Amino acid sequence: MSFDLLELLPGPWRDLIEPLLDPAAARRLADFVSAEYAEQTVYPALPDLFSAFRLCSPDEARVLILGQDPYHGAGQAHGLSFSVREGVRVPPSLRNVFKELRDDLGVPMPAGGDLTPWAGRGVLLLNAVLTVRAGKPGSHAGKGWEEFTDAVIRALDAREERVVFVLWGAYARKKRDLVTGTRHVVLEAGHPSPMNPRGFLGTRPFSAVNKALADAGRPEVDWTLDEKIF
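Definitions and cut-offs
- Residues numbered from 1 in each chain as written.
- Predicted model: local features only at pLDDT ≥ 70, side-chain atom pairs only at ≥ 80, totals over all residues.
- Heavy atoms only, no water.
- Buried < 20%, exposed > 50% of the residue type's maximum accessible area, 1.4 Å probe, protein only.
- Helix = DSSP H or I, 4+ residues; strand = E, 2+ residues; numbered from the N terminus.
- Pairing = 2+ DSSP bridges.
- Core = buried A, V, L, I, M, F, W, Y, C linked by side-chain atoms within 4.5 Å.
- Contact = heavy atoms within 4.5 Å.
- Polar contact = N/O pair within 3.5 Å; in protein donor to acceptor, adjacent residues only side chain to side chain.
- Expected span 1.5 Å × (residues − 1).
- Salt bridge = Lys/Arg side-chain N within 4 Å of Asp/Glu carboxyl O.
- Axes fitted to C-alpha atoms, helices over the stretch in contact; angles between N-to-C directions.

Moving on, we get to the pairing of strand E5 (residues 164-168). Taking burial as the measure, the five residues of E5 include five buried ones, the bulk of the element. Burial along E5 is two-sided: the residues Val 164, Val 166 and Trp 168 and Phe 165 and Leu 167 are all buried. Alignment of strand E2 (residues 63-67) against E5, held across four bridges, turns out to be parallel. Within E5, the residue paired with Leu 66 across the bridge is Leu 167.

This is the structure we're talking about:
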(Lines give C-alpha, C1' and ligand atoms only; values in the text may rest on other atoms or scores of the structure.)
Protein backbone atom coordinates (compact mmCIF):
# COMPACT_ATOMS: atom_id res chain seq x y z
CA MET A 1 0.00 0.00 0.00
CA SER A 2 1.39 3.37 -1.03
CA PHE A 3 1.93 6.11 1.52
CA ASP A 4 1.70 9.83 0.84
CA LEU A 5 5.21 11.28 0.87
CA LEU A 6 3.94 14.82 1.29
CA GLU A 7 2.05 13.82 4.43
CA LEU A 8 5.36 12.72 5.95
CA LEU A 9 6.86 16.18 5.44
CA PRO A 10 6.67 18.80 8.18
CA GLY A 11 3.78 21.12 7.41
CA PRO A 12 5.77 24.29 6.64
CA TRP A 13 7.88 22.48 4.05
CA ARG A 14 4.84 20.74 2.55
CA ASP A 15 3.09 24.07 2.11
CA LEU A 16 6.09 25.43 0.19
CA ILE A 17 6.90 22.40 -1.93
CA GLU A 18 3.51 20.97 -2.89
CA PRO A 19 2.50 23.84 -5.22
CA LEU A 20 5.76 23.33 -7.15
CA LEU A 21 5.18 19.62 -7.80
CA ASP A 22 3.26 17.86 -10.55
CA PRO A 23 0.62 15.86 -8.63
CA ALA A 24 0.77 12.85 -10.94
CA ALA A 25 4.58 12.72 -10.75
CA ALA A 26 4.42 13.02 -6.97
CA ARG A 27 2.02 10.06 -6.81
CA ARG A 28 4.29 7.96 -9.04
CA LEU A 29 7.26 8.76 -6.79
CA ALA A 30 5.23 7.83 -3.70
CA ASP A 31 4.17 4.54 -5.27
CA PHE A 32 7.77 3.70 -6.18
CA VAL A 33 9.21 4.61 -2.79
CA SER A 34 6.44 2.75 -0.95
CA ALA A 35 7.08 -0.41 -2.96
CA GLU A 36 10.83 -0.19 -2.43
CA TYR A 37 10.48 0.13 1.33
CA ALA A 38 8.03 -2.79 1.35
CA GLU A 39 10.09 -5.13 -0.83
CA GLN A 40 13.75 -4.11 -0.51
CA THR A 41 16.27 -2.93 2.06
CA VAL A 42 16.26 0.84 1.57
CA TYR A 43 18.31 3.58 3.22
CA PRO A 44 17.74 5.70 5.15
CA ALA A 45 15.17 3.98 7.35
CA LEU A 46 11.72 5.42 6.71
CA PRO A 47 11.58 7.37 10.01
CA ASP A 48 14.76 9.20 8.90
CA LEU A 49 13.62 9.92 5.34
CA PHE A 50 12.84 13.59 5.95
CA SER A 51 15.22 14.25 8.85
CA ALA A 52 16.75 17.23 7.05
CA PHE A 53 13.35 18.91 6.90
CA ARG A 54 12.41 18.12 10.49
CA LEU A 55 15.68 19.50 11.83
CA CYS A 56 15.78 22.65 9.68
CA SER A 57 12.57 24.58 9.07
CA PRO A 58 12.13 26.77 5.97
CA ASP A 59 12.28 29.93 8.07
CA GLU A 60 15.58 28.85 9.64
CA ALA A 61 17.23 27.54 6.46
CA ARG A 62 19.94 29.94 5.36
CA VAL A 63 22.39 27.44 3.84
CA LEU A 64 21.77 24.43 1.61
CA ILE A 65 24.49 21.81 1.12
CA LEU A 66 23.49 19.50 -1.72
CA GLY A 67 24.57 15.89 -2.00
CA GLN A 68 23.71 13.28 -4.63
CA ASP A 69 22.13 10.27 -2.94
CA PRO A 70 22.32 8.60 0.49
CA TYR A 71 25.10 6.32 1.64
CA HIS A 72 24.19 2.77 0.64
CA GLY A 73 25.86 0.85 3.50
CA ALA A 74 24.11 -0.46 6.59
CA GLY A 75 23.81 2.06 9.42
CA GLN A 76 25.26 5.00 7.50
CA ALA A 77 22.47 7.14 6.03
CA HIS A 78 20.12 8.97 8.36
CA GLY A 79 18.53 11.58 6.15
CA LEU A 80 21.22 14.28 6.06
CA SER A 81 23.58 14.74 3.11
CA PHE A 82 27.20 13.75 3.80
CA SER A 83 26.33 12.85 7.42
CA VAL A 84 26.59 9.44 9.10
CA ARG A 85 25.29 8.28 12.44
CA GLU A 86 27.46 8.58 15.53
CA GLY A 87 29.66 5.52 15.87
CA VAL A 88 29.85 4.91 12.11
CA ARG A 89 33.26 5.21 10.46
CA VAL A 90 33.64 8.63 8.83
CA PRO A 91 33.54 8.20 5.01
CA PRO A 92 36.47 9.55 2.98
CA SER A 93 34.49 12.41 1.42
CA LEU A 94 33.28 13.61 4.80
CA ARG A 95 36.79 13.31 6.17
CA ASN A 96 37.89 15.76 3.46
CA VAL A 97 35.05 18.09 4.44
CA PHE A 98 36.39 18.06 7.98
CA LYS A 99 39.95 18.67 6.77
CA GLU A 100 38.76 21.70 4.84
CA LEU A 101 36.77 22.95 7.82
CA ARG A 102 39.89 22.69 9.97
CA ASP A 103 42.06 24.48 7.42
CA ASP A 104 39.42 27.12 6.70
CA LEU A 105 38.18 28.02 10.18
CA GLY A 106 40.43 26.11 12.56
CA VAL A 107 37.58 23.85 13.70
CA PRO A 108 39.00 20.63 15.19
CA MET A 109 38.28 17.52 13.17
CA PRO A 110 35.58 15.57 15.02
CA ALA A 111 35.72 11.90 15.80
CA GLY A 112 32.23 11.25 14.45
CA GLY A 113 30.43 12.17 11.25
CA ASP A 114 27.01 13.14 12.57
CA LEU A 115 26.18 16.59 11.15
CA THR A 116 22.91 16.96 13.06
CA PRO A 117 24.21 20.08 14.89
CA TRP A 118 24.62 21.86 11.55
CA ALA A 119 21.04 21.00 10.59
CA GLY A 120 19.85 22.56 13.82
CA ARG A 121 21.70 25.78 12.99
CA GLY A 122 20.02 26.55 9.69
CA VAL A 123 21.91 24.26 7.29
CA LEU A 124 19.62 22.13 5.11
CA LEU A 125 21.63 18.98 4.37
CA LEU A 126 19.78 17.80 1.27
CA ASN A 127 20.46 14.96 -1.14
CA ALA A 128 19.09 15.29 -4.68
CA VAL A 129 17.84 11.69 -4.37
CA LEU A 130 16.54 10.85 -0.91
CA THR A 131 16.56 7.04 -0.94
CA VAL A 132 18.75 4.19 -2.19
CA ARG A 133 18.71 0.39 -2.21
CA ALA A 134 21.23 -1.25 0.07
CA GLY A 135 24.53 -1.74 -1.70
CA LYS A 136 23.35 -0.15 -4.95
CA PRO A 137 24.42 3.50 -5.26
CA GLY A 138 22.28 5.53 -7.62
CA SER A 139 19.57 2.87 -7.69
CA HIS A 140 16.77 5.36 -7.00
CA ALA A 141 17.99 8.01 -9.41
CA GLY A 142 15.58 8.95 -12.19
CA LYS A 143 12.51 7.85 -10.24
CA GLY A 144 11.18 11.30 -9.41
CA TRP A 145 13.21 12.40 -6.41
CA GLU A 146 15.12 14.89 -8.55
CA GLU A 147 11.93 16.81 -9.34
CA PHE A 148 10.97 16.73 -5.67
CA THR A 149 14.27 18.15 -4.47
CA ASP A 150 14.42 20.63 -7.35
CA ALA A 151 11.17 21.97 -5.91
CA VAL A 152 12.92 22.37 -2.55
CA ILE A 153 15.65 24.44 -4.20
CA ARG A 154 13.06 26.56 -6.01
CA ALA A 155 11.17 27.10 -2.77
CA LEU A 156 14.31 28.36 -1.06
CA ASP A 157 15.13 30.49 -4.10
CA ALA A 158 11.76 32.20 -3.63
CA ARG A 159 12.66 33.25 -0.08
CA GLU A 160 13.14 36.98 0.43
CA GLU A 161 16.14 36.54 2.73
CA ARG A 162 19.50 35.39 1.41
CA VAL A 163 20.17 31.67 1.18
CA VAL A 164 23.64 30.33 0.38
CA PHE A 165 23.56 27.32 -1.91
CA VAL A 166 26.63 25.06 -1.62
CA LEU A 167 27.11 22.82 -4.66
CA TRP A 168 29.97 20.33 -4.49
CA GLY A 169 30.70 18.17 -7.51
CA ALA A 170 29.45 17.99 -11.09
CA TYR A 171 26.08 16.54 -10.17
CA ALA A 172 25.25 19.24 -7.63
CA ARG A 173 26.55 22.00 -9.89
CA LYS A 174 23.94 21.10 -12.49
CA LYS A 175 21.39 22.65 -10.12
CA ARG A 176 23.00 26.08 -10.44
CA ASP A 177 20.38 27.35 -12.85
CA LEU A 178 17.58 26.68 -10.36
CA VAL A 179 18.84 29.57 -8.26
CA THR A 180 17.61 32.74 -9.96
CA GLY A 181 17.28 35.24 -7.11
CA THR A 182 20.06 37.81 -7.22
CA ARG A 183 19.94 38.15 -3.42
CA HIS A 184 21.18 34.57 -3.03
CA VAL A 185 24.75 33.26 -3.28
CA VAL A 186 25.87 30.04 -4.96
CA LEU A 187 29.21 28.52 -3.96
CA GLU A 188 30.54 25.83 -6.28
CA ALA A 189 33.48 23.48 -5.91
CA GLY A 190 34.59 20.00 -6.82
CA HIS A 191 33.26 17.03 -4.89
CA PRO A 192 35.12 16.35 -1.61
CA SER A 193 35.85 12.79 -2.68
CA PRO A 194 39.53 11.76 -2.43
CA MET A 195 39.23 10.94 -6.14
CA ASN A 196 39.08 14.70 -6.74
CA PRO A 197 42.04 15.91 -4.67
CA ARG A 198 42.41 19.39 -6.17
CA GLY A 199 38.79 20.33 -6.83
CA PHE A 200 37.66 20.73 -3.25
CA LEU A 201 40.48 21.11 -0.75
CA GLY A 202 41.55 24.73 -0.46
CA THR A 203 38.23 26.21 -1.60
CA ARG A 204 37.42 27.59 1.89
CA PRO A 205 33.64 27.17 1.61
CA PHE A 206 32.78 27.62 5.28
CA SER A 207 34.25 31.08 5.66
CA ALA A 208 32.71 32.00 2.29
CA VAL A 209 29.27 30.91 3.52
CA ASN A 210 29.60 33.01 6.65
CA LYS A 211 30.81 36.04 4.72
CA ALA A 212 27.86 35.78 2.35
CA LEU A 213 25.46 35.56 5.28
CA ALA A 214 27.09 38.43 7.18
CA ASP A 215 27.03 40.61 4.05
CA ALA A 216 23.25 40.18 3.99
CA GLY A 217 22.85 40.80 7.72
CA ARG A 218 22.04 37.17 8.44
CA PRO A 219 23.55 35.18 11.34
CA GLU A 220 26.69 33.23 10.54
CA VAL A 221 26.75 29.45 11.01
CA ASP A 222 28.53 27.92 13.95
CA TRP A 223 30.31 25.05 12.18
CA THR A 224 31.78 23.44 15.28
CA LEU A 225 31.02 19.82 16.08
CA ASP A 226 32.51 17.82 18.93
CA GLU A 227 36.19 18.53 19.56
CA LYS A 228 37.48 14.97 19.77
CA ILE A 229 39.96 14.37 16.97
CA PHE A 230 40.63 11.35 14.80
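Phe 53, Trp 118, Leu 124, Trp 145 and Phe 148 are the most contacted members of the largest nonpolar core, which has 73 residues in total. In terms of residues, this core owes the most to one element, helix H7 (residues 145-157), which gives six residues. Contacts of Phe 53, omitting those with residues within four sequence positions, involve Leu 9, Pro 10, Trp 13, Ile 17, Leu 124, Leu 126, Leu 130, Phe 148 and Val 152.

On to the environment of Cys 56, then. With respect to the helices, strands and loops of the structure, Cys 56 is situated in the loop between helix H4 (51-55) and E2. In this structure, the C-alpha to C-alpha distance between Cys 56 and Leu 5, residues 51 residues apart in sequence, is 18 Å. Excluding residues that lie within four positions of it along the chain, Cys 56 makes contacts with Trp 13, Ala 61, Ala 119, Gly 122, Val 123 and Leu 124.

Summarising the element assignment, Glu 100 is placed in helix H5 (residues 92-105). Looking at Glu 100, its side chain comes within polar contact range of the main-chain nitrogen of Thr 203, at 3.2 Å.

Turning to the environment of Ala 151, a few remarks are in order. Relative to the elements of secondary structure, Ala 151 occurs in helix H7. What makes Ala 151 buried here is its relative accessible area of 1%. In this structure, Ala 151 is in contact with Ile 17, Leu 20 and Leu 21, ignoring residues within four places of it in sequence.

The terminal C-alpha atoms of H7 lie 18 Å apart, and with 13 residues this matches the ideal 18 Å at 1.5 Å per residue to within 8%. With respect to burial, H7 is a largely interior element, eleven of its 13 residues being buried. Taken as a whole, H7 has its buried residues at Trp 145, Glu 146, Phe 148, Thr 149, Asp 150, Ala 151, Val 152, Ile 153, Ala 155, Leu 156 and Asp 157.

What follows covers the pattern of salt bridges. Scanning the model with the defined rule gives eleven salt bridges in all. Across the pair Glu 100 and Arg 204 runs a salt bridge, and its minimum N-O distance is 3.1 Å. Of this pair, Glu 100 sits in helix H5 while Arg 204 sits in the loop between strand E6 (185-189) and helix H9 (205-215); the two residues are 104 residues apart in sequence, bridging distant segments of the chain. Classification of Glu 100 by relative accessible area gives buried; the value is 1%. The partly exposed category is assigned to Arg 204, whose relative accessible area is 34%. With a closest N to O distance of 3.0 Å, Arg 173 and Glu 188 form a salt bridge. Highlighted residues: Arg 173 in helix H8 (residues 170-173) and Glu 188 in strand E6, separated in sequence by 15 residues. Arg 173 sits in the partly exposed class, given a relative accessible area of 36%.

Looking now at the sheet that holds E2. Spatial ordering of the open sheet is given by E3-E2-E5-E6, a layout of four strands whose pairing is parallel. Only two strands of the sheet have a single partner each, and these edge strands are strand E3 (123-127) and E6. With strand direction ignored, the average angle separating the axes of adjacent strands in the sheet is 20°. In the sheet, E2 pairs with E3 via five bridges, with the strands oriented parallel. Opposite Gly 67, over in E3, you have Asn 127 as the bridge partner. Contacting E2, E5 and E6, H9 runs over the sheet at an angle of about 160° to E5.

Taken by themselves, the reported measurements are silent on function.
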